[in-house]
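# Breakdown of the fold
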Amino acid sequence: MNWTAILLTLKLAALTAVILLVVGMPIAYWLTYSRRRWKFLVESVVALPLVLPPTVLGFYVLVAIGPKSPLGQGYQAVIGHPLAFTFEGLLLASVLYSLPFAVQPFTAAFGAVDARLVEASWTLGISRLATFFRVTLPLSIAGVVTGVVLSFAHTMGEFGVVLMVGGNIEGVTRTVSIDIYDEVQALNYAGAGQTAFFLLVVSFVILSVVYAMNRNLWAVWPMK
Amino acid sequence: MADEMTAAFEKAYNGGPSIHGTLRLPVGKPHVTVLFGPSGSGKTTVLRCLAGLERPSRGRITFAGETWFDADTGGQAPPQSRAIGYLFQDYALFPHLTVAGNITYAIPDLNRKERQARLDEMLRLLRLEGLDDRRPAQLSGGQQQRVALARVLVRRPRLLLLDEPLSALDAPTREQVRGELRELLRGQNIPTLCVTHDWVEALALADEVAVMGGGRVLQVGPPDEVFSRPADADVAAIVGVETVATGRVVGRKDGLAALEVGRVRLWAVEPDGRSEQFYLCIRAEDVTLEIGTQPSSSARNHLAGRVTEVRPAGPVSRVTVECGFALAALVTRQAAQDLALQPGTPVTATVKASAVHLIPR
């Protein structure tokens, strides 16, 4: 088993999930409560990674972070090295690729919170931000956990985007799925099998924990 | 100006009728204004605009010198800064918090001791002692309503807005809670605007009634005046109760109570409780009329008076009799002709004691 690839994958997935938690909640909040007419455009953009081939998404990210793009140049000017074919570049691609897996469960969960509870909090003098943390978030915690876990699991399993954006650099961008592909290419079926089985078990355990916990959460907070 | 709330605004809906809110409320003293009208008349919209949850299309709302909304400047105070208490129709208690968590929700900035003191005060005031660890789902409807009231009262709001405060309760509970709510509101130094479509509730709670219909405030006045002397046919159709008079219990006997209404005395079924002051409500169809001043039936209440108005309404006629107070009666048009009823005719009105509905004031 390639432990370097496994640790790298776990790190990538965890960071992606954390970033999506922070970035995804404001987007989901906006999507839930905005009455702008062009909201559907944002919804479509967020959902794009669901239908785009990973290679297409990876291609555009690659171009966007390349040394000739403003983003790539700006990054190099500030940080000192290029963005393409680095862990950071891969992280950016992963965040975009898993965006719908976080934002859609968040939005569904926020939308399911009774609007009157939010209004009640506002009329009780509690600010919008505090209301979010004291009413909306506790009542949609199951959906938020689901979104975080789904984006974690989805990132663990991504292949095409990593191949396009990350290249295949040992310890930097070679994730588990790429490693398995390499092993199969090298006809090392035993090595591929071990890593694949490991990925399968980890994914299953994570999902089981989440579903078990979700049920528990509802028992703690009985809905009317 | 400084001691009142004034609202004159319009809320337009796409493709729907627009709602006009025109109200004045005294501020800083206990005063209950009931916004009365059928469902769909725009009562809740008015309440939501006053709370800042809805943005009016035109007009102005001021509260004790503060401007809450002004369409000309586009300024609108957010609900957070209005320091009001809004009681939602089905209470909107936070399901993930305990009773104590709900009640202290709005006072997170106070220190522990002060918060506990306020909580205890509210639990006592609303008779919720021992329930502080319960979740809303484990409470009865009446208890939920009291928790919701405690949650708004704990931060000492400057104005109370109640949206159909009793409609979520079953009938027996409603009866009991109505009395409690009246006592509570009288004890608080807070002006209240209460929305309801139930005239019993309106009479029981109101110092002043504003009748709404078709998106407008049609008449404002003391409850007995609005209910017994509606300004026009629209208001009359909305209030539906034909006679409302004020009276005082002067004696009780055999399960009946004698009430003094102006210079006349009426018998009614003895009410529960120890209230002395009542509204007497009499439906026009429960009043029978005879020519002359000699009653023939054995009913308790015979009231001699003179007809002041006869108004045909379809197959029946609405007759108003002045007998110490204005009493409305409903007779068939045939009977009106047979009795030759016209203004000035002396008649005797008869009402069964059981048809006199008493509502404590």
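Residues numbered from 1 in each chain as written. Chains lettered and ligands numbered in written order. Predicted model: local features only at pLDDT ≥ 70, side-chain atom pairs only at ≥ 80, totals over all residues. Heavy atoms only, no water.

### Structural notes on the environment of Ala51 of chain B
Mapping Ala51 of chain B onto the fold places it in helix α1 (residues 43–51). Note: C-alpha distance between Ala51 of chain B and Arg112 of chain B (61 residues apart in sequence) is 29 Å. (Helix = DSSP H or I, 4+ residues; strand = E, 2+ residues; numbered from the N terminus.)

### Looking at the pairing of strand β9 (residues 191–196) of chain B
Successive side chains on a regular strand alternate, one facing one side of the sheet and the next facing the other. Residues and elements named next belong to chain B. Where burial is concerned, most of β9 is hidden: six out of the six residues are buried. Neither face of β9 is open: one carries Pro191, Leu193 and Val195, the other Thr192, Cys194 and Thr196, and all of them are buried. Relative to β9, strand β3 (residues 31–36) is paired through six bridges, and the arrangement is parallel. Of the residues in β9, the one forming a bridge with Thr33 is Leu193. One ladder, built from four bridges, connects strand β8 (residues 159–163) with β9; its direction is parallel. Looking across to β9, one finds that Leu162 is bridged to Cys194. In the classification by handedness, the crossover that spans β8, the intervening helix α5 (residues 171–187) and the parallel β9 is right-handed. (Buried < 20%, exposed > 50% of the residue type's maximum accessible area, 1.4 Å probe, protein only. Pairing = 2+ DSSP bridges. Right-handed = clockwise from strand over helix to strand, strands pointing away.)

### Digging into the pairing of strand β1 (residues 4–11) of chain B
Residues and elements named next belong to chain B. In terms of residue burial, β1 counts as a mostly covered element, since seven of its eight residues are buried. When β1 meets strand β2 (residues 19–26), the two strands line up antiparallel, connected through eight bridges. Among the inter-strand pairings, Ala8 is bridged to a residue of β2, identified as Thr22.

### So, the packing of helix α4 (residues 141–153) of chain B against α5 of chain B
All names here are of chain B. Packing of α4 against α5 brings their axes to within 11 Å, and their N-to-C directions diverge by 20°. Comparing the axis directions of α4 and α5 gives the class roughly parallel. Between α4 and α5 lies a crossing of right-handed hand. For the pair α4 and α5, contact is made by Gly142, Gln145, Arg146, Leu149 and Leu153 and by Thr173, Val177, Glu180, Leu181 and Leu184, respectively. Residues of the contact of α4 with α5, tallied by class, amount to five nonpolar, three polar and two charged. (Axes fitted to C-alpha atoms, helices over the stretch in contact; angles between N-to-C directions. Parallel < 35°, antiparallel > 145°, perpendicular 65-115°, else oblique. Left-handed = near helix turned anticlockwise from the far one by under 90°. Contact = heavy atoms within 4.5 Å. Nonpolar A, V, L, I, M, F, W, Y, C, P; charged D, E, K, R; others polar.)

### Focus on the side chain of Ser317 of chain B
Here Ser317 of chain B lies in strand β18 (residues 316–322). Setting aside anything within four residues of it in sequence, one finds Ser317 of chain B in contact with Val310, Arg311, Pro312, Ala329, Leu330, Val331, Thr332, Arg333 and Ala336 of chain B.

### Concerning the confidence of the model for chain B
Residues and elements named next belong to chain B. Mean pLDDT over chain B stands at 87; residues scoring 70 or higher make up 98%. Of all helices and strands in chain B, the one with the weakest mean pLDDT is helix α8 (residues 233–239) (78), whereas helix α2 (residues 99–103) scores best (95). ipTM for the predicted complex: 0.80, alongside a pTM of 0.81. (pLDDT = per-residue confidence, 0-100.)

### Some points on the nonpolar core
Judged by nonpolar contacts, the single largest core of 94 residues is most densely connected at Phe36, Leu50, Ile103, Leu161 and Phe227 of chain B. By size, the runner-up hydrophobic cluster in this structure holds 30 residues, among which are Ala245, Leu266, Cys323 and Val347 of chain B. (Core = buried A, V, L, I, M, F, W, Y, C linked by side-chain atoms within 4.5 Å.)

### Side note on the pattern of salt bridges
Applying the stated rule across the entire model yields 19 salt bridges over all chains. Residue Asp182 of chain A is joined to Arg174 of chain A by a salt bridge in which the shortest nitrogen-to-oxygen separation is 3.6 Å. A network of salt bridges, in which partner residues are shared, links Asp114 and Arg116 of chain A together with Asp90 of chain B. (Salt bridge = Lys/Arg side-chain N within 4 Å of Asp/Glu carboxyl O.)

### Remarks on the packing of aromatic side chains
One pair of aromatic rings is described through two measures. These are the centre distance and the angle between the planes. Residues and elements named next belong to chain B. Applying the stated rule across the entire model yields 12 aromatic pairs over all chains. Look at Phe36 and Phe227: their rings are 5.5 Å apart centre to centre, the planes differ by 65°, and that puts the pair in the edge-to-face class. Taken as a pair, Phe36 in strand β3 and Phe227 in helix α7 (residues 223–228) lie far apart in primary sequence, 191 residues in all. For the pair Phe36 and Phe227, one class covers both residues: buried. (Phe/Tyr/Trp six-rings, centres within 6.5 Å; stacked < 30°, edge-to-face > 60°.)

### Details of a nonpolar patch on the surface
Residues and elements named next belong to chain A. Together, Phe197, Leu200, Val201, Phe204, Val205 and Val209 make up a nonpolar patch on the protein surface, roughly 600 Å² of accessible area in all. Tracing the backbone through its elements, the reader meets Val201 in helix α11 (residues 189–220). Overall, Val201 belongs to the partly exposed group, its relative accessible area being 35%. (Patch = residues over 30% accessible without salt bridge, like charges linked within 9 Å, V, L, I, M, F, W, Y side chains within 5 Å. Areas by Shrake-Rupley, 256 points an atom, 1.4 Å probe, with all protein chains shown as cover.)

### Comments concerning the interface of chain A and chain B
Many authors give the size of an interface as the accessible area that is lost as the parts come together. The interface of chain A with chain B comprises 21 residues on the first partner and 22 residues on the second. Together, the buried faces of chain A and chain B total about 2,100 Å²; carbon and sulfur atoms form 63% of this surface. Note that Glu119 of chain A is salt-bridged to Arg48 of chain B, the shortest N-O span being 2.7 Å. Of all the secondary-structure elements, those providing two or more residues to the side of chain A that touches chain B are α6 (115–123) and α7 (128–139) of chain A. The greatest single-element share of the side of chain A that touches chain B, amounting to seven residues, is contributed by α6 of chain A. Of the residues contributing to the side of chain A that touches chain B, the split by class is 11 nonpolar, five polar and five charged. (Buried area = accessible area lost by both parts, 1.4 Å probe.)

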